[in-house]
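The residues making up each chain are set out below.
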Amino acid sequence: MKTNKLKNTLGILSILLCSFAFAQGPGGRGGRQGGGPPEGGKPDASKIIEILDTNGDDKIDIDEAAKDERGKISEDFSKIDADGDGFINLEELEAALDNTKPKPVSAEKILAEVDQDEDGLLNELEVAAKDKRDLMANFSDIDVNGDSQLDLEELKAFYSKDNDVERKKRRD
């Protein structure tokens, strides 16, 4: 009788132990088979491009972004496409996924967004109306020709200087 009890107890313990081990799944990750970041982790930009880039050009266009199951990339396409070229490249996607780094700024996008009278120039009133604080704070420094307006070349020089400083910080 003691032998049967011992066999039953060992059998139940074995079943419980096996159930627990198999419930963990491969690699002890609770049955997750790899397809994405761990809970709460950031998605990998290169993996996203690999999945969505159907034409193999290492960029995501608006049609490819529409295939994003969550819809977040197509929804935020113009924000992620920092240089405004109609494509999201790896650097832009990485910047969009990394909330700790400032996003690259496109002088062309800023000009199009802020230039209310569409003359290709920004005056202090337009900058203030759109609440572009970085431009307001540095307006006279950016306006190298002193005409009280910011043109595309002045904006490019200002934003490339900011981007160069950021690149240097990342390298150090």
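Here the structure is shown first, and the text comes after it.
What you see is a predicted model; the values in this text were computed from it and never measured. (Residues numbered from 1 in each chain as written. Predicted model: local features only at pLDDT ≥ 70, side-chain atom pairs only at ≥ 80, totals over all residues. Heavy atoms only, no water.)

S.K.: Talk me through a negative patch on the surface; I want residue IDs and the actual numbers.
M.R.: On the surface, Asp44, Asp83, Asp85, Glu91 and Glu94 cluster together to form a negatively charged patch. With respect to the helices and strands, the residue Asp85 is situated in the loop between helix 5 (77–80) and helix 6 (90–97). Asp85 sits in the partly exposed class, given a relative accessible area of 39%. (Patch = residues over 30% accessible without salt bridge, like charges linked within 9 Å, V, L, I, M, F, W, Y side chains within 5 Å. Areas by Shrake-Rupley, 256 points an atom, 1.4 Å probe, with all protein chains shown as cover. Salt bridge = Lys/Arg side-chain N within 4 Å of Asp/Glu carboxyl O. Lys, Arg positive; Asp, Glu negative; His and termini not counted. Charge placed at Lys NZ, Arg CZ, Asp CG, Glu CD. Helix = DSSP H or I, 4+ residues; strand = E, 2+ residues; numbered from the N terminus. Buried < 20%, exposed > 50% of the residue type's maximum accessible area, 1.4 Å probe, protein only.)

S.K.: Describe in detail helix 7 (residues 107–114), supporting the description with residues and values.
M.R.: Ala107, Ile110, Leu111 and Val114 are the residues of helix 7 that are buried. Seen end-on, helix 7 carries its buried residues on one side only, within an arc spanning 100 degrees. (Arc of directions from axis to C-beta.)

S.K.: Go over the packing of helix 2 (residues 45–52) against helix 6 with me, naming the residues and quoting the values.
M.R.: It is the contact of helix 2 with helix 6, at a shortest axis distance of 9 Å, that shows an interaxial angle of 125 degrees. On the basis of the axis angle, helix 2 is oblique to helix 6. Read as a crossing pair, helix 2 and helix 6 show a hand that is right-handed. From helix 2, Ala45, Ser46, Ile48 and Ile49 reach across to helix 6, where they touch Leu90, Leu93, Glu94 and Leu97. Split by residue class, the contact of helix 2 with helix 6 holds 6 nonpolar, 1 polar and 1 charged. (Axes fitted to C-alpha atoms, helices over the stretch in contact; angles between N-to-C directions. Parallel < 35°, antiparallel > 145°, perpendicular 65-115°, else oblique. Left-handed = near helix turned anticlockwise from the far one by under 90°. Contact = heavy atoms within 4.5 Å. Nonpolar A, V, L, I, M, F, W, Y, C, P; charged D, E, K, R; others polar.)

S.K.: So, the nonpolar core: which residues are in play, and what are the values?
M.R.: Most often, soluble globular proteins keep nonpolar side chains buried together rather than apart. Of all hydrophobic cores here, the largest spans 13 residues; its most connected members are Ile110, Leu122, Val127, Leu135, Leu150, Leu155 and Tyr159. When contributions to this core are tallied by element, the ones reaching two or more residues are helix 7, helix 9 (133–142) and helix 10 (152–171). Sorting elements by how many residues they give to this core places helix 7 first, with 4 residues. If we skip the residues at most four places from it in the chain, Leu155 touches Ala107, Leu111, Leu122, Leu135, Ile142 and Leu150. By size, the runner-up hydrophobic cluster in this structure holds 11 residues, among which are Ala45, Ala65, Ile88 and Leu93. (Core = buried A, V, L, I, M, F, W, Y, C linked by side-chain atoms within 4.5 Å.)

S.K.: Any chance you could break down the environment of Asp115 for me, citing the residues and the numbers?
M.R.: Examined against the element boundaries, Asp115 turns out to sit in the loop between helix 7 and helix 8 (124–129). For Asp115, a relative accessible area of 8% translates into the label buried. Spatially, the C-alpha atom of Asp115 lies 6.5 Å from that of Glu126, the residues being 11 residues apart in sequence. With near-sequence residues (within four places) excluded, Asp115 lies in contact with Ile110, Gly120, Leu121, Leu122 and Glu126.

S.K.: If you had to explain the side chain of Asp143 to someone new, which residues and values would you point to?
M.R.: Among the structural elements, Asp143 can be located in the loop between helix 9 and helix 10. Within the structure, Asp143 has its side chain in polar contact with the backbone nitrogen of Asp147 (distance 3.3 Å). When near neighbours in sequence (up to four residues on either side) are disregarded, Asp143 contacts Ser148, Gln149, Leu150 and Glu154. (Polar contact = N/O pair within 3.5 Å; in protein donor to acceptor, adjacent residues only side chain to side chain.)

S.K.: Before we move on, can you summarise the pattern of salt bridges with the specific residues and values?
M.R.: Under the criterion given, the structure shown has 6 salt bridges. Across the pair Lys72 and Glu75 runs a salt bridge, and its minimum N-O distance is 4.0 Å. Residue Lys72 and its partner Glu75 are both found in helix 4 (residues 72–75); the two are separated by 3 residues, about one turn of the helix. One salt bridge connects Arg133 with Asp131, and the closest N-O pair in it is separated by 3.1 Å. We classify Arg133 as exposed; its relative accessible area is 59%. Given the relative accessible area of 41%, Asp131 is considered partly exposed. By sharing partners, the salt bridges in this structure join Lys72, Glu75 and Asp76 into a single network.

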